[in-house]
Structures are given as C-alpha cells and as structure tokens.
Amino acid sequence: MALSDEERRRLEKLEQELALSDPGLDRQLQSGRNPASPRTIYGVLAVLAGFALVIAGIITQLAVIGVAGFLLMVAGASWFLRGLRVGDVPGRQPERRADGGPWPL
C-alpha cells in the first residue's frame, strides 16, 4: 500500500526531527546494523561453553569440570547482561537520576 503525499511529508518531517534530536540513533538506523556489543556476544558464547562443560562433567562424573562449567555460565550470563545496558551501545549515554547519580541496575 502506497503512502499518500501527506503521509510521506509527515514521515520525512519525523525523520528529520529524529536526525536532529539523536544523530547517533539516526546513523544506527541508516546503517541497518544490529547494535549487539562484543560483550553480549562473548557472554552468549561463554554460557554455551559453560553448559557444554557442565554436560561433560556429568558424563565424566568429575565434579570439578561441572563446577567450572557452572562458574563459566554465571560469568557468561553476567557479561551478557552487562552488554544489554544502554550505556554499552555506541553513541548512547546512560541516563542519570535527578541528583546526578547513575540509575541503579
């Protein structure tokens, strides 16, 4: 379904306002890239590797391997969650409270 002339003008105006108010987001939307940080990717890989170690520990019946896998999974989950924070996205700053301190996470 094609846009009418009025709808097209409104959309162009919204795009221009977005580009002026948040140039970083505008560049990101124009590039079409996913803003996943390397920390997020490493976190997912660490969780998967930790899960594999837990399974290996169960198969070999070595508790040390299972514990190491569990610790790697916890560390990977921590890296993953830190990678999802707004402050980790390039061009964006974390929001602050009214008193100037960072928002607690």
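Residues numbered from 1 in each chain as written. Predicted model: local features only at pLDDT ≥ 70, side-chain atom pairs only at ≥ 80, totals over all residues. Heavy atoms only, no water.

Draft legend 1. Representation of the overall build of the protein in the model. Within the protein, the regular secondary structure consists of 4 helices and 0 strands. The order of α-helices and β-strands along the protein, N terminus first, is α-α-α-α. Sorting the 105 residues of the protein into buried and exposed places 14% on the buried side. A separation of at least 24 residues holds for 45% of the contacts in the protein among residues at least 6 apart in sequence. By element, 64% of the accessible surface of the protein is carried by carbon and sulfur atoms, the whole surface being about 8,500 Å². (Helix = DSSP H or I, 4+ residues; strand = E, 2+ residues; numbered from the N terminus. Buried < 20%, exposed > 50% of the residue type's maximum accessible area, 1.4 Å probe, protein only. Contact = heavy atoms within 4.5 Å. Areas by Shrake-Rupley, 256 points an atom, 1.4 Å probe, with all protein chains shown as cover.)

Draft legend 2. Structural detail: the pattern of salt bridges. Within this structure, the stated rule accounts for 3 salt bridges. A salt bridge links R8 to D5; its shortest N-O distance comes to 3.1 Å. With R8 and D5 both in helix 1 (residues 5–21) and 3 residues apart, the pair spans about one turn of that helix. Taking relative accessible area as the criterion, R8 reaches 38% and is therefore assigned partly exposed. Residue classification places D5 among the exposed positions, given a relative accessible area of 51%. Put simply, E6 and R9 hold a salt bridge, and the shortest N to O gap is 3.0 Å. Of this pair, E6 and R9 both sit in helix 1, separated by 3 residues, roughly a single helical turn. (Salt bridge = Lys/Arg side-chain N within 4 Å of Asp/Glu carboxyl O.)

Draft legend 3. Inspection of the environment of V67 at higher detail. Tracing the chain through its elements places V67 in helix 4 (residues 63–83). C-alpha of V67 to C-alpha of G57: the two residues are 10 residues apart in sequence and 8.0 Å apart in space.

Draft legend 4. Summary view of a nonpolar patch on the surface. Residues I41, Y42, V44, L45, L48 and W79 make up a contiguous nonpolar surface patch of about 610 Å² in total accessible area. Ranked by the residues each element gives to the nonpolar patch, the list is headed by helix 3 (residues 38–60), at 5 residues. Relative to the helices and strands, L45 resides in helix 3. (Patch = residues over 30% accessible without salt bridge, like charges linked within 9 Å, V, L, I, M, F, W, Y side chains within 5 Å.)

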